[in-house]
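Here is how the chains run, residue by residue.
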Amino acid sequence: MTTLRIIFPDQLSKSISSLEGLDKNTDGVMICEYIQDLTSISHHSKKIAFILSAMRHFAKELIEDGINTSYIQFDALINETSFLKQIKKVIQELNPLLIIVTKPSEFRLLKMINSWKTLLNIPTEILDDTRFLCSDNDFKKWVKDKKQLRMEFFYREMRKKYSILIDSDGSPTGGRWNYDKENRKPPSKYLDIPPRLSHKKSFITKDVLALVKNRFSKNFGILEPFHYAVTRDEALKELDHFIKFILPKFGDYQDAMLASEPYLYHSLISSYLNVGLLLPLEVCKKAEIAYNDNLASINCVEGFIRQILGWREYIRGIYWHFMPEYANLNSLNATITLPDFYWTTNTKMFCVAEAVTHTRDHAYSHHIQRLMITGNFALIAGLDVKQVQQWYLAVYSDAFEWVEMPNTLGMSLFGDNGIVASKPYAASGKYINRMSNYCKKCYYDPNQMTGEKSCPFNSLYWDFLVRHEDKFRGNQRMPFVFTTWDKFTPEKKQEIRTHAKIILQKMSEGIL
Ligand SMILES: Cc1cc2nc3c(=O)[nH]c(=O)nc-3n(C[C@H](O)[C@H](O)[C@H](O)COP(=O)(O)OP(=O)(O)OC[C@H]3O[C@@H](n4cnc5c(N)ncnc54)[C@H](O)[C@@H]3O)c2cc1C
Ligand code: SF4
């Protein structure tokens, strides 16, 4: 039976379920650089280039494999913006009796596909995305009867299910499930950080870079130099490079931040995982082998595997379980306009300028910068949750709604009222000073609470907690926070809160 198999931009895996059983004699594949995805928000220019180049290389590989592939390029879509019309054209040529897709990663797309059934008058089969390690049904089963959906317990189940870092008697390798405590070393001055790979640019990539330069010149971000892997072979090289040279230090400095060091010991593989060039299980298995071969210690390997087998799968489960209502949550009623410095880097706060600069230059910043710098600031300043989410979705090459939204709205902004995070990731300048060398280079002083030179994170932190005292005073994971606040004199409390208002005023005037 002639079947049309549609591949979305983040489904670039030959092992994807929608390609299973493909008959080269009859079936066709359609891949479309859907214009609305590229222009609906101002994505980072590197992100656009990465995704388009990876898509075009993937299509080329399918064609070389002898698969009848209709690839619709961005330029061909200029006068024809409807995805549906593009599908109709392909249907006219192929005359399929069935359309097969793998479940898309976004709710909006799933809705669109469900509408095809009536609009196209051809049955459409939506298959599970088996690249993920926890199916929607399994997540549903895990959620059932739970009062709290803590990632840690989900992760333990996943370790057992896939028998990763599990000893023959069923206990966790090394005796513990979690080595987080060993993974919070502050940065030392003399960290020896291995260089990263850069990949030779193919003609396809050069074409794409020219297109992005030409058509997306006003978008945020610096396009070149462009070092991204754009094929599976290149992404595997990135993974092997990480496992061999970087994983051995991944854990120790997982929470550290250093000026002018955007990557430290992070893997940089999220974009490759998210578009399908790498598969999560193969990544976890390679890390486990590194531990078995004594190439990396248990805290590094467990810490890394937890991010993928635990956090990544859990975040996806949360997205599908709580959508579409999740998208409209704003439990802390955060509505203040996102300041310009999220785009311009123009702020005297060194930590924020640094995180945004890394973002602008690489379409990347590491997790602690996203969570404890840009996210933390947004949380304690009360920035508008939708605007903050739009920013995260636009600026990172790994950003797709399913993973960006629960991380931003849930983990970072506590906008989901604690579904993802058991307490808000709010911190003062003291934490940032401990975990980075940023404060030494900053106009502001992390040790001052009020006054012109005081670190804005300090007064905003207390103001945030007091603004939401009703919600957080009883939180068992924050036992000493309000005890400290209660010890401040009424004058000090007033001074801090007044200063927080001054900070927000300065922010709105663009002089923070
Ligand atoms: C506010 C905010 C927004 C985020 N938005 C995204 C996003 O749009 N896309 C995205 O992939 N990740 C997002 N993350 C999670 C995390 O920051 C990135 O996955 C990570 O920084 C990617 O860099 P890396 O590959 O070097 O990761 P590493 O630090 O090397 O971690 C290894 C891998 O673990 C996975 N991982 C780690 N933490 C998470 C997490 N919290 N959720 C899901 N996967 C995780 C990623 O696949 C990552 O590649 C966000 C985090 C925050 C706090
Ligand atoms: S002093 Fe405050 S604003 Fe400056 S780098 Fe440190 S934490 Fe950031």
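Residues numbered from 1 in each chain as written. Chains lettered and ligands numbered in written order. Predicted model: local features only at pLDDT ≥ 70, side-chain atom pairs only at ≥ 80, totals over all residues.

Caption draft 1: Spotlight on the overall build of the chain. Each helix and strand counted, the chain has 21 helices and 5 strands in total. Over its C-alpha trace the chain gives a radius of gyration of 24 Å, about what one expects of a compact globule, namely 24 Å for 512 residues. Taken along the three principal axes of its C-alpha coordinates, the chain extends 80 × 60 × 45 Å. Counting only residues that meet the buried cut, the chain has 46% of its 512 residues in that class. (Helix = DSSP H or I, 4+ residues; strand = E, 2+ residues; numbered from the N terminus. Rg over C-alpha atoms; globule rule 2.2 N^0.38 Å. Buried ≥ 20, exposed ≤ 12 C-beta atoms within 10 Å, placed from the backbone.)

Caption draft 2: A look at the environment of M55. Checked against the element boundaries, M55 lands in helix α2 (residues 45-64). Measuring from C-alpha to C-alpha, the distance between M55 and L211 comes to 14 Å, with 156 residues separating the pair along the chain. Those residues in contact with M55 that lie beyond four places of it in its chain are P9, L12, I31 and E33. (Contact = placed C-beta atoms within 7 Å.)

Caption draft 3: Structural view of the site of ligand 2. If you check the shell around ligand 2, you find 14 residues, and the closest are C351, G429, C439, C442 and C455. Those elements that place two or more of their residues in the shell around ligand 2 are α13 (350-362), α17 (429-435) and α18 (456-467). A per-element tally of the shell around ligand 2 places α17 first, with 3 residues. By residue class, the composition of the shell around ligand 2 is 12 nonpolar, 2 polar and no charged. (Near = placed C-beta within 6 Å. Nonpolar A, V, L, I, M, F, W, Y, C, P; charged D, E, K, R; others polar.)

Caption draft 4: Just the domain arrangement of the chain, in detail. Each assigned domain of the chain is listed here: domain 1 (3-127), domain 2 (136-196 + 231-322) and domain 3 (341-509). For domain 1 and domain 3, the distance between their C-alpha centres works out to 39 Å. Looking at the side of domain 1 that touches domain 3 residue by residue, the class counts come to 2 nonpolar, 4 polar and 4 charged. (Domains from an automatic or database assignment.)

Caption draft 5: Representation of the environment of A259. Within the fold, A259 resides in the loop between α8 (232-250) and α9 (270-275). For the pair formed by A259 and N437, sequence separation is 178 residues and the distance between their alpha carbons is 6.5 Å. If near-sequence neighbours (up to four positions away) are discounted, A259 is found in contact with E354, N437, Y438 and K441.

Caption draft 6: Broad picture of the sheet that holds strand β2 (residues 28-32). Spatial ordering of the open sheet is given by β3-β2-β1-β4-β5, a layout of 5 strands whose pairing is parallel. A strand with exactly one partner marks an edge of an open sheet, and here the two such strands are β3 (69-72) and β5 (124-127). The average angle at which neighbouring strand axes cross in this sheet is 20°, direction not considered. Bridge count for strand β1 (residues 3-7) against β2 is 4 bridges, and the pairing is parallel. From the neighbouring strand, L4 faces β2, where its bridge partner is G28. Each of β2 and β3 is contacted by α2, which is oriented at about 160° to β3, the strand it contacts most. Lying over the sheet, helix α4 (residues 107-119) contacts β4 (98-102) and β5, oriented at roughly 155° with respect to β5. (Pairing = 2+ DSSP bridges. Axes fitted to C-alpha atoms, helices over the stretch in contact; angles between N-to-C directions.)

Caption draft 7: Summary view of the nonpolar core. Residues L247 and A287 are the most contacted members of the largest nonpolar core, which totals 139 residues. Among the elements that make up this core, the one with the highest residue count is α2 (10 residues). For A287, the contacting residues outside a window of four places in its chain are I243, L247, V301, F304 and I305. (Core = buried A, V, L, I, M, F, W, Y, C linked by C-beta atoms within 7 Å.)

Caption draft 8: View of the site of ligand 1. Of all residues adjacent to ligand 1, which total 28 residues, the nearest are H266, S267, S270, Q307 and E404. Sorting the residues of the shell around ligand 1 by element identifies α9, α11 (298-322), α14 (367-381) and α16 (401-412) as the ones contributing at least two each. Partitioning the shell around ligand 1 into residue classes produces 13 nonpolar, 11 polar and 4 charged. Counting contributing residues per domain, the shell around ligand 1 is built from domain 2 (136-196 + 231-322) and domain 3 (341-509), each supplying no fewer than three.

Caption draft 9: Representation of unusual backbone geometry. Of note, the amide linkage connecting E224 to P225 takes the cis form, showing an omega dihedral of 5°. Along the polypeptide, P225 turns up in the loop between α7 (203-215) and α8. Of note, the amide linkage connecting M323 to P324 takes the cis form, showing an omega dihedral of 5°. As for its position among the elements, P324 is in the loop between α11 and α12 (341-344). A positive phi angle is found at N294, which is not glycine, with a value near 60°. Here N294 lies in the loop between α10 (280-292) and α11. Phi at T345 takes a positive value of approximately 70°, unusual for a residue other than glycine.

Caption draft 10: Examining the pairing of β2 more closely. Of all 5 residues that make up β2, 5 are buried, and the element is covered over most of its length. Side chains of β2 alternate between two faces, with G28, M30 and C32 and V29 and I31 buried alike.

Caption draft 11: Broad picture of the packing of helix α15 (residues 385-395) against α16. At a minimum axis separation of 10 Å, α15 and α16 run at an interaxial angle of 135°. Relative to α16, α15 is oriented oblique. Judged by the twist between their axes, the crossing of α15 over α16 is right-handed. Of the residues in α16, those in contact with V385, V388, Q389, Y392 and L393 of α15 are E401, E404, M405, T408 and L409. When the residues that make up the contact of α15 with α16 are grouped by side-chain class, the tally is 6 nonpolar, 2 polar and 2 charged. (Parallel < 35°, antiparallel > 145°, perpendicular 65-115°, else oblique. Left-handed = near helix turned anticlockwise from the far one by under 90°.)

Caption draft 12: Spatial organisation of the packing of α2 against α7. Their axes nearest at 9 Å, the elements α2 and α7 cross at an angle of 145°. Between α2 and α7 the crossing geometry is right-handed. Contact residues: α2 offers S45, I48, A49, L52, S53, R56, H57 and K60, while α7 offers I204, T205, V208, L209 and V212. In terms of residue class, the contact of α2 with α7 is made up of 7 nonpolar, 4 polar and 2 charged.

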